[in-house]
Amino acid sequence: MGKIMPGERFPVLKKKLSPESYCALASIANPKVWAFVADCIQLCQPDETWVSTDSPEDIARSRQEAIRVKEEIPLSIPGHTVHFDGPEDQGRDREVTRYLVPKGEKLSPALNQIEREKGLKEIRELLAGSMKGRTMIVRFLTLGPKNSVFSLPCLECTDSYYVSHSLNLLYRPGYDEFRRLGSQARFFATLHSAGKLNELAVSAEPGKKRIYIDYLTDTVYSVNTQYAGNTVGLKKLALRLTIRRADQEGWLAEHMFLMAVHGPQGRKTYLAGAFPSACGKTSTAMLPGEKILGDDIAYFRPIKGQCRAVNAEAGIFGIIQNVNPVDDPLIWKVLTNPGEIIFSNVLVKDGRPYWLGMGIEPPEDGVNFSGKWFRGKKDAQGKEIPFAHKNARYTVSLKALDNCDEALDQPEGVDLSGIIYGGRDSHAWFPCQQSFDWSHGIVAYGASLETETTFAIIGQEGIQEINLMSIQDFVSIPLGKYVRNNLEFGKKLVRPPLIFAVNYFLRDEDGKFVNGLRDKHIWIKWMERRIHGEMRARRTPTGFIPCFEDLVKLFKEILKKDYTSDDYRKQFSLRVPENLAKLDRVEKFHRQEVEDAPPEIFQILQEQRKRLLEARRLYGDRVTPDSFPVVTE
Ligand code: GTP
Ligand code: MN
């Protein structure tokens, strides 16, 4: 039998692709790939279709073209560009991000969903002819390292060179992987179109923005948006599909950073952390002196009794607000030196980017996400437009960082020893604590994670909500099943990672944060030593907390700061009513919103309640840390 060529099955490919691009596509022997590309062409009708092969010329081309079509503007420092998203396209849009659910199936009520046939019809109508006058770019990538049990092949078709350029920086190239796998590749596919653009090269019809996820075919559709969180299919959109795959295959896909923390004598310990958006993942993973592997999405597999972990991604799409030379010296250095970086939604004046909280006075005018900007400029509602958006970001490859860990692309991943859950909680949780065991950590920290909503998601800010494992928006299987998978996962491991909780956002009675931005480094170091049995702790009703003497030493050693007993009392006094109120909210959530909640959840919460009530009986509403016994376990 002769080799089948894509053009025989899909004549449109022969007709619409240049000879080079046709050839590039033909050497991937996977008719499903051809079918997807053909469908995208027929539906969106681009003038041209370009298949990128990841050759150095092709990699460079996405950036050059993004500049040529003005989706990006070069800045003064070599390698730097800026991209703007429209005023109504400044964050992930939950409202219009929906799962396509086949008739007769149901997802958790907490998940935004639409009947599949109806949703498909709607989004395909919005995509019809959307690429006329433009080029469609076909990209092959992998999630997770290449040549690894972790790798997941991905395909994205987009009419945005900015999106394609971002893919270069954020993921591992996968063209060769697709060629190697041929028809074996079970890939995730994304079709994205920015839709109609205005004179600023910005999506002009935000009211028609839709992001639909079809888990039946592992496909994501995105239209009338450019914000990377809505358009780079491999980010949170593919995470939703990955969670289903992981559920079928018995591993975990998590919304977590991954880092190496240094201990005494050059020891390296790997930690992962789940924090909702804008709660400190990137700032933690970029702590000076430590090594970063990832700041957003991690995969865990049980391998020979160990928890092996990889970063799904290879770059950072990070929040730039408050990045300043004092609090984030490493990020600051990267952002102010030559190298390939895309800034988004900052203010630009004379080729220089300005963002909120950078510690430099911004100019009186410039260009930002609203177009030409000047101090006092108002939006359509009469609200003053800030010079830069709170959710302004930077995109950079991890390899460009001095502190990138060598194990980033290791096919077997790294041996994970600790997991951290953290949210924005003004009132209840300690700044740092350790769970009694795996199940307690999963339930009382992970499945109890609460946060106050932030600017990273469109909508009202400062509302308290449960965000289970910081991944709730992305869980595409029943939530109870997801928690159960986490509980089960620990049982597959010889020595499961220790589980910790942090709260960088605890406030005192006057509303002031009780910790400084760099204090997180102390908690991380404490965890590293706990993992190796080198720190004692005090046993409280909600977990183990650090002992005062150890913190004094660590603050001195790491931050050259004197830590006082007043600090300790302020930060580590147990707030009983606040923790009980939280338990009430968590329990109610699991009873009402989580179908199939494992009974273990309620049992563990119930035990925690008993311990809290007992503490209140003995000591009252505020319990100073020295009331709790020191343990060596
Ligand atoms: P995504 O990239 O959206 O997933 O967010 P992230 O979890 O990576 O959050 P990031 O580390 O970028 O921090 C978000 C915001 O929280 C920034 O504005 C930080 O300045 C602020 N922040 C980080 N750490 C601390 C802290 O220890 N205390 C306080 N008060 N703010 C912090
Ligand atoms: Mn981040």
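Residues numbered from 1 in each chain as written. Chains lettered and ligands numbered in written order. Predicted model: local features only at pLDDT ≥ 70, side-chain atom pairs only at ≥ 80, totals over all residues. Heavy atoms only, no water.

## Some thoughts on the pattern of salt bridges
So, step 1. Counted by the stated rule, this structure contains 48 salt bridges.
So, step 2. Two residues, Lys 209 and Asp 93, come together in a salt bridge whose shortest N-O distance is 3.0 Å. Of this pair, Lys 209 sits in the loop between strand 9 (188–193) and strand 10 (210–214) while Asp 93 sits in the loop between strand 3 (80–83) and strand 4 (97–101); the two residues are 116 residues apart in sequence, bridging distant segments of the chain. Each member of the pair Lys 209 and Asp 93 is classed as buried.
So, step 3. Glu 450 is the partner of Arg 585 in a salt bridge, and the nearest nitrogen-oxygen pair spans 2.4 Å. Highlighted residues: Arg 585 in helix 18 (residues 576–592) and Glu 450 in strand 27 (residues 450–452), separated in sequence by 135 residues.
So, step 4. According to the relative accessible area criterion, Arg 585 is partly exposed, its value standing at 31%.
So, step 5. One connected set of salt bridges, linked through shared partners, spans Arg 92, Arg 94, Glu 465 and Asp 473. (Salt bridge = Lys/Arg side-chain N within 4 Å of Asp/Glu carboxyl O. Helix = DSSP H or I, 4+ residues; strand = E, 2+ residues; numbered from the N terminus. Buried < 20%, exposed > 50% of the residue type's maximum accessible area, 1.4 Å probe, protein only.)

## A few points about the packing of helix 18 against helix 19 (residues 599–619)
So, step 1. Running from N to C, helix 18 and helix 19 point in directions that differ by 160 degrees, and their axes come no closer than 10 Å. Between helix 18 and helix 19, the angle is such that the two are roughly antiparallel. For the pair helix 18 and helix 19, the crossing hand works out as left-handed. Together, Val 576, Asn 579, Leu 580, Leu 583, Asp 584, Val 586, Glu 587, His 590 and Arg 591 of helix 18 and Ile 601, Phe 602, Leu 605, Gln 608, Arg 609, Leu 612, Leu 613 and Arg 616 of helix 19 make up the contact between the two elements.
So, step 2. Of the residues in the contact of helix 18 with helix 19, the class split is 9 nonpolar, 3 polar and 5 charged. (Axes fitted to C-alpha atoms, helices over the stretch in contact; angles between N-to-C directions. Parallel < 35°, antiparallel > 145°, perpendicular 65-115°, else oblique. Left-handed = near helix turned anticlockwise from the far one by under 90°. Contact = heavy atoms within 4.5 Å. Nonpolar A, V, L, I, M, F, W, Y, C, P; charged D, E, K, R; others polar.)

## A few points about the packing of aromatic side chains
So, step 1. Using the criterion set out here, one finds 24 aromatic pairs in the structure.
So, step 2. Aromatic side chains Tyr 568 and Phe 572 sit 5.5 Å apart centroid to centroid with 40 degrees between the ring planes, which places their arrangement in the tilted category. Here Tyr 568 and its partner Phe 572 are both found in helix 17 (residues 565–572), 4 residues apart, which amounts to about one turn of the helix.
So, step 3. We classify Tyr 568 as buried; its relative accessible area is 5%.
So, step 4. A relative accessible area of 0% places Phe 572 in the buried class.
So, step 5. Here the aromatic residues Phe 430, Trp 523, Phe 548, Phe 555, Tyr 563, Tyr 568 and Phe 572 are joined through ring pairs into a cluster of three or more.
So, step 6. In this structure, Arg 301 is placed above the aromatic ring of Phe 150, and the distance from its NZ or CZ to the ring centre is 5.8 Å.
So, step 7. Above the plane of the ring of Trp 429 lies Lys 582, whose end atom (NZ or CZ) is 4.9 Å from the centre. (Phe/Tyr/Trp six-rings, centres within 6.5 Å; stacked < 30°, edge-to-face > 60°. Lys NZ or Arg CZ within 6 Å of the ring centre and 35° of its normal.)

## Section: the domain arrangement of the protein chain
Many structure descriptions define interface size as the accessible area lost when the parts assemble.
So, step 1. On domain assignment, one finds that the protein chain holds domain 1 (6–70 + 88–249) and domain 2 (253–268 + 284–290 + 411–631).
So, step 2. Placing the centre of domain 1 and that of domain 2 at their C-alpha centroids yields a distance of 36 Å.
So, step 3. If you look at the interface, domain 1 gives 26 residues, while domain 2 gives 22 residues.
So, step 4. Summed over both partners, the interface of domain 1 with domain 2 buries about 2100 Å², with 55% contributed by carbon and sulfur atoms.
So, step 5. Considering only the side of domain 1, the residues that lose the most area to domain 2 are Arg 92, Arg 94 and Ile 243, jointly responsible for 30% of the buried surface there. (Domains from an automatic or database assignment. Buried area = accessible area lost by both parts, 1.4 Å probe.)

## So, helix 16 (residues 548–559)
Structural remark: α-helix, 3.6 residues per turn; residues separated by three or four positions point the same way.
So, step 1. For helix 16, built from 12 residues, the straight-helix expectation of 16 Å at 1.5 Å per residue is met to within 8% by its first-to-last C-alpha distance of 16 Å.
So, step 2. For helix 16, the set of buried residues is Asp 550, Leu 551, Leu 554, Phe 555 and Leu 559. Looking down the long axis of helix 16, one finds its buried residues gathered within 130 degrees of arc, a one-sided arrangement.
So, step 3. Within two residues after helix 16, Lys 560 carries a phi angle of roughly 55 degrees, on the positive side. (Expected span 1.5 Å × (residues − 1). Arc of directions from axis to C-beta.)

## Topic: the sheet that holds strand 3
So, step 1. Strand order across the open sheet formed by 5 strands is 2-3-19-24-18, with mixed pairing between neighbours. In this open sheet, the two edge strands, each paired with only one partner strand, are strand 2 (73–74) and strand 18 (315–319). (Pairing = 2+ DSSP bridges.)

## Description of the site of ligand 1
So, step 1. The immediate surroundings of ligand 1 are formed by 19 residues, with Ala 278, Lys 281, Thr 282, Ser 283 and Arg 393 found nearest.
So, step 2. Between ligand 1 and Ser 277 there is a distance of 3.5 Å, counted from an oxygen atom to a side-chain nitrogen or oxygen.
So, step 3. Interatomic distance of 2.7 Å between a side-chain N/O atom of Lys 281 and an oxygen atom of ligand 1.
So, step 4. Taking 660 Å² as the accessible area of ligand 1 by itself, protein coverage stands at 92%.
So, step 5. Of all the elements, helix 11 (residues 281–285) adds the most residues to the shell around ligand 1, at 3 residues. (Near = heavy atom within 4 Å. Polar contact = N/O pair within 3.5 Å; in protein donor to acceptor, adjacent residues only side chain to side chain. Areas by Shrake-Rupley, 256 points an atom, 1.4 Å probe, with all protein chains shown as cover.)

## Some thoughts on unusual backbone geometry
So, step 1. Of note in the backbone geometry, Asp 218 takes a positive phi value of approximately 55 degrees without being a glycine.
So, step 2. The residue Asp 218 is located in the loop between strand 10 and strand 11 (219–223) in this model.
So, step 3. A positive phi angle, close to 55 degrees, is found at Gln 265, a residue other than glycine.
So, step 4. Position of Gln 265 among the secondary structure elements: in the loop between strand 13 (256–262) and strand 14 (268–274).
So, step 5. Here Gln 265 falls in the exposed class, since its relative accessible area comes to 82%.

## Here we look at the pairing of strand 11
So, step 1. Counted residue by residue, strand 11 has 5 buried out of 5 residues, so it is predominantly covered.
So, step 2. Here strand 11 shows a buried face lined by Thr 219, Tyr 221 and Val 223 and a second buried face lined by Val 220 and Ser 222.
So, step 3. Of the strand pairs in this sheet, strand 9 and strand 11 are connected by 5 bridges, and their pairing is parallel. Bridging across to strand 11, Thr 190 finds its partner in Val 220.
So, step 4. Pairing of strand 10 with strand 11 involves 5 bridges; the strand directions are antiparallel.

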